[in-house]
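Structural overview
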Amino acid sequence: MTRTDDVTESKVLLAEYDRLKEEQKTRIGFRDNLLYFTLAAATAVVAITAQSGQSRLLLFVPAICLILGWTYLANDEKISAIGDYVRDRLGPRLGELASADGAVFGWEVYHRDVAGHTVRKRLQSAVDLFTYLVLPMVCTTAFWCSPVVQPLLLVASLGQTLALAVLGLQFLRRTER
């Protein structure tokens, strides 16, 4: 028989914190690996295109960047949401229960106030925009400049360009937070 008096709100909140931080850690690793995978996949497509001389293959790069870019953003959003929840809801509630004088889970606030945080965040955004927007647009432009551009592929590339613009706006929106 389980004793229910051993379960306290504080214990439940600490268990929730542990699970959230584990999920956040996993998502950070996955998100960061997406960047490397995107660069590797784009490099492979460019190499195959150069070897084969088929410029239409370059249109795989925007497709890859769109899919992986949205996945990157979705994970980044969840990572930030976990941090916000811990900082704004979970920490204060646990602090209230513990009658703490200062912030509980102070790292959630502290790391945002460290000198250079804003510069690092902007530099990371520049890397993200280069990887998920500039690189695919360079490939699209190279396709447009190739001698044989088929109308259907041109329409597809214009659709990809529009989708990349939306993706770029989402990256910029995330930078402002």
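My aim in this report is to walk through the structure given alongside it, one point at a time. (Residues numbered from 1 in each chain as written. Predicted model: local features only at pLDDT ≥ 70, side-chain atom pairs only at ≥ 80, totals over all residues. Heavy atoms only, no water.)

Once that is clear, we can look at the packing of helix 2 (residues 60-98) against helix 4 (residues 117-144). Packing of helix 2 against helix 4 leaves a shortest axis separation of 8 Å and a crossing angle of 155°. Judged by the angle between their axes, helix 2 and helix 4 are roughly antiparallel. Of the two possible hands of crossing, helix 2 and helix 4 adopt the one that is left-handed. Residues Val-61, Pro-62, Cys-65, Leu-68, Gly-69 and Tyr-72 of helix 2 pack against Gln-124, Asp-128, Thr-131, Tyr-132, Leu-135, Pro-136, Cys-139 and Thr-140 of helix 4. Residues that form the contact of helix 2 with helix 4 fall into these classes: nine nonpolar, four polar and one charged. (Axes fitted to C-alpha atoms, helices over the stretch in contact; angles between N-to-C directions. Helix = DSSP H or I, 4+ residues; strand = E, 2+ residues; numbered from the N terminus. Parallel < 35°, antiparallel > 145°, perpendicular 65-115°, else oblique. Left-handed = near helix turned anticlockwise from the far one by under 90°. Contact = heavy atoms within 4.5 Å. Nonpolar A, V, L, I, M, F, W, Y, C, P; charged D, E, K, R; others polar.)

We now examine a nonpolar patch on the surface. Side chains of Phe-130, Val-134 and Val-138 sit close together on the surface and give an oily, nonpolar patch of about 260 Å² of accessible area. Here Val-134 shows up in helix 4. With a relative accessible area of 38%, Val-134 lands in the partly exposed category. (Patch = residues over 30% accessible without salt bridge, like charges linked within 9 Å, V, L, I, M, F, W, Y side chains within 5 Å. Areas by Shrake-Rupley, 256 points an atom, 1.4 Å probe, with all protein chains shown as cover. Salt bridge = Lys/Arg side-chain N within 4 Å of Asp/Glu carboxyl O. Buried < 20%, exposed > 50% of the residue type's maximum accessible area, 1.4 Å probe, protein only.)

What the rule picks out here adds up to three aromatic pairs. With centroids separated by 5.3 Å and ring planes inclined at 45°, the aromatic side chains of Tyr-72 and Tyr-132 adopt a geometry described as tilted. Linking Tyr-72 in helix 2 with Tyr-132 in helix 4, this pair joins segments that are 60 residues apart in sequence. Across the pair, exposure class does not vary: Tyr-72 and Tyr-132 are buried alike. A centroid spacing of 5.5 Å and a plane angle of 10° characterise the contact between Tyr-132 and Phe-171, whose relative ring orientation is stacked. Placement of Tyr-132 in helix 4 and of Phe-171 in helix 5 (residues 151-175) is noted, with a sequence separation of 39 residues between them. The buried category is assigned to Tyr-132, whose relative accessible area is 1%. Overall, the relative accessible area of 5% leaves Phe-171 in the buried class. Following the ring pairs from residue to residue traces out a cluster consisting of Tyr-72, Tyr-132 and Phe-171. (Phe/Tyr/Trp six-rings, centres within 6.5 Å; stacked < 30°, edge-to-face > 60°.)

Take the environment of Ser-125 next. Counting through the fold element by element, Ser-125 comes out in helix 4. Along the sequence, Ser-125 and Thr-175 sit 50 residues apart, while their C-alpha atoms lie 6.3 Å from each other.

Leu-34, Val-61, Tyr-72, Tyr-132, Leu-167 and Phe-171 are the most contacted members of the largest nonpolar core, which totals 20 residues. Contributing elements (two or more residues each) for this core: helix 1 (9-52), helix 2, helix 4 and helix 5. The dominant element in this core, judged by the number of residues it contributes, is helix 2, at six residues. Discounting chain neighbours no more than four positions away, the residues touching Phe-171 are Gly-69, Tyr-72, Leu-73, Asp-128, Leu-129 and Tyr-132. With eight residues, the next largest nonpolar core counts Leu-20, Ile-82, Val-86 and Phe-105 among its residues. (Core = buried A, V, L, I, M, F, W, Y, C linked by side-chain atoms within 4.5 Å.)

The end-to-end C-alpha distance of helix 5 is 36 Å, a good match for the 36 Å that 25 residues give at a rise of 1.5 Å each. Of the positions making up helix 5, those classed as buried are Ser-157, Gln-160, Leu-164, Leu-167, Gly-168, Phe-171 and Arg-174. Packing partners of the buried residues in helix 5 comprise helix 2 and helix 4. (Expected span 1.5 Å × (residues − 1).)

Before going further, it helps to spend a moment on the packing of helix 1 against helix 2. Look at helix 1 against helix 2: their axes get within 9 Å of each other, and the N-to-C directions meet at 160°. The angle between helix 1 and helix 2 places the two elements in the roughly antiparallel class. Crossing geometry of helix 1 relative to helix 2 is assigned as left-handed. For the contact of helix 1 with helix 2, the class distribution of residues is 24 nonpolar, six polar and eight charged.

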